[in-house]
Amino acid sequence: MNLLIAGCGDLGTELGLRALAAGHRVHGLRRRAEVLPDGFHRIAADLGADLPPLPADTEVVVFTTAADRRDVDAYRRAYVTATGRVLDALEAAGATPRRVLFTSSTAVYGVGDGSEVDEDTPTGPTSATGAVLVEAERALWQRRPDAVSLRLAGVYGPGRTRLVDQVRDGRALRPERGVHTNRIHRDDAAAALLHLAGLPSSPATCYLGVDDEPAPLGEVLAFLAAELGLPPPPVGEVRRSRGGDKRCRNARLRATGLELTYPTYREGYRAVLAGEGIRHP
Ligand SMILES: NC(=O)c1ccc[n+]([C@@H]2O[C@H](COP(=O)([O-])OP(=O)(O)OC[C@H]3O[C@@H](n4cnc5c(N)ncnc54)[C@H](OP(=O)(O)O)[C@@H]3O)[C@@H](O)[C@H]2O)c1
């Protein structure tokens, strides 16, 4: 399979490495293409400007671009405009990709009462940036009704240790009420993208990219503290988390046959704390 990864950063590079290992051809597009590992066909380009010719034999295109800043304009550039530009450039090259994959976020849901969320839950973002992701998905589906959006929850992994650092520094507070966190290890997010890229029959147009176990944030923090040999972080008033309070279900993704290396935060964080893997630049 000939794969084009647009916005090929940490997640995109991990996806590309897995695709290369499976014998596929990989083009990685980003501004600093020189940092991509050997084996990648590097396309140095800014998605905010005119794009160079893209490979005409692209079979699968994956969007893993991230916004430079957490504001509406940056999000629109990264997720709406850039996606359209890549599709335009592929069209101009005469490419007809059979699959288009987009990495979105569970921020498209506005659920805050701890209830279950799945792909049938209506979107209702509470943040302006979440609203742009909904806009980006809609724009993509208008153009490619068969495009697949993988709505990722909090991605953690090698070098992505925000929660670990908070616990280690003593900044972490366990919320008084049981706010849930939904997470996915970067490697499983990359595995999910490769799996969806390779499915022979048409996948659904939307999947939640989360592990098997939405967990109370306080429980995750206490687990990390125990792993670090520290006492559980104190209970305190926590500013309402960006992710609201929801329990995301991954049944649809798992029903495609995807196996997770890190089915819960426990296996995933143990690997992170053991120093397994690297964060790709
Ligand atoms: N982190 C989370 O918890 C989370 C949650 C939900 C969804 N996601 C999504 O997962 C996706 C991948 O995230 P990630 O962690 O892999 O992000 P990342 O490491 O920051 O990678 C994104 C890449 O996009 C490239 N990029 C940004 N602007 C560009 C532009 N104008 N032109 C060309 N390339 C550009 C950057 O490379 P250059 O600087 O070299 O251009 C960067 O390496 C993103 O869509 C993100 O929103 C993440």
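See above for the structure.
Residues numbered from 1 in each chain as written. Predicted model: local features only at pLDDT ≥ 70, side-chain atom pairs only at ≥ 80, totals over all residues. Heavy atoms only, no water.

1. Focus: the overall build of the protein
Okay, step 1: When helices and strands are counted, the protein shows 8 helices and 15 strands.
Okay, step 2: Taking 281 residues into account, the globule formula puts the C-alpha radius of gyration at 19 Å, and the protein, at 19 Å, falls close to it.
Okay, step 3: Counting only residues that meet the buried cut, the protein has 52% of its 281 residues in that class.
Okay, step 4: Within the protein, counting contacts between residues at least 6 apart in sequence, those at least 24 apart form 78% of the total.
Okay, step 5: Here the protein contributes 36 positively and 36 negatively charged side chains, and the mean placements of these two sets differ by 2 Å. (Helix = DSSP H or I, 4+ residues; strand = E, 2+ residues; numbered from the N terminus. Rg over C-alpha atoms; globule rule 2.2 N^0.38 Å. Buried < 20%, exposed > 50% of the residue type's maximum accessible area, 1.4 Å probe, protein only. Contact = heavy atoms within 4.5 Å. Lys, Arg positive; Asp, Glu negative; His and termini not counted. Charge placed at Lys NZ, Arg CZ, Asp CG, Glu CD.)

2. Considerations on the packing of helix α4 (residues 162-169) against helix α6 (residues 217-227)
Okay, step 1: As a packed pair, α4 and α6 sit with axes 9 Å apart at the nearest point and diverge in direction by 65 degrees. In this view, α4 runs roughly perpendicular relative to α6, as classed from their interaxial angle. Considering only the axes of α4 and α6, their crossing is right-handed. Across the interface between the two elements, Leu163, Val164 and Val167 of α4 pack against Leu217, Val220, Leu221, Leu224 and Ala225 of α6. (Axes fitted to C-alpha atoms, helices over the stretch in contact; angles between N-to-C directions. Parallel < 35°, antiparallel > 145°, perpendicular 65-115°, else oblique. Left-handed = near helix turned anticlockwise from the far one by under 90°.)

3. With respect to the nonpolar core
Okay, step 1: If you look at the biggest cluster of nonpolar residues, it comprises 38 residues, and the most contacted ones within it are Leu4, Leu54, Phe63, Tyr79 and Val86.
Okay, step 2: Sorting the residues of this core by element identifies β1 (2-6), β4 (60-63), α2 (72-92), β5 (99-105) and α3 (128-143) as the ones contributing at least two each.
Okay, step 3: For this core, the leading source of residues is α2, giving 10 residues.
Okay, step 4: If we ignore the near neighbours within four places in the chain, the residues touching tyrosine 79 are Thr65, Ala66, Ala67, Phe102, Thr103, Leu133 and Ala136.
Okay, step 5: Core analysis: the second largest hydrophobic core is formed by 31 residues, Val62, Leu101, Leu196 and Leu258 among them. (Core = buried A, V, L, I, M, F, W, Y, C linked by side-chain atoms within 4.5 Å.)

4. Some remarks on the packing of aromatic side chains
Okay, step 1: As enumerated under the stated definition, the model contains 4 aromatic pairs in all.
Okay, step 2: An angle of 55 degrees between the planes, with centres 5.2 Å apart, marks the rings of tyrosine 75 and tyrosine 79 as tilted. Of the two residues, tyrosine 75 and tyrosine 79 are both situated in helix α2; the distance of 4 residues between them amounts to about one turn of the helix.
Okay, step 3: Using a relative accessible area of 10% as the deciding quantity, one classes tyrosine 79 as buried.
Okay, step 4: Aromatic pair tyrosine 156 and tyrosine 269: ring centres 4.3 Å apart, planes at 20 degrees, arrangement stacked. Taken together, the residues span a long stretch of sequence, with tyrosine 156 in strand β8 (residues 154-156) and tyrosine 269 in helix α8 (residues 265-273) at a distance of 113 residues. (Phe/Tyr/Trp six-rings, centres within 6.5 Å; stacked < 30°, edge-to-face > 60°.)

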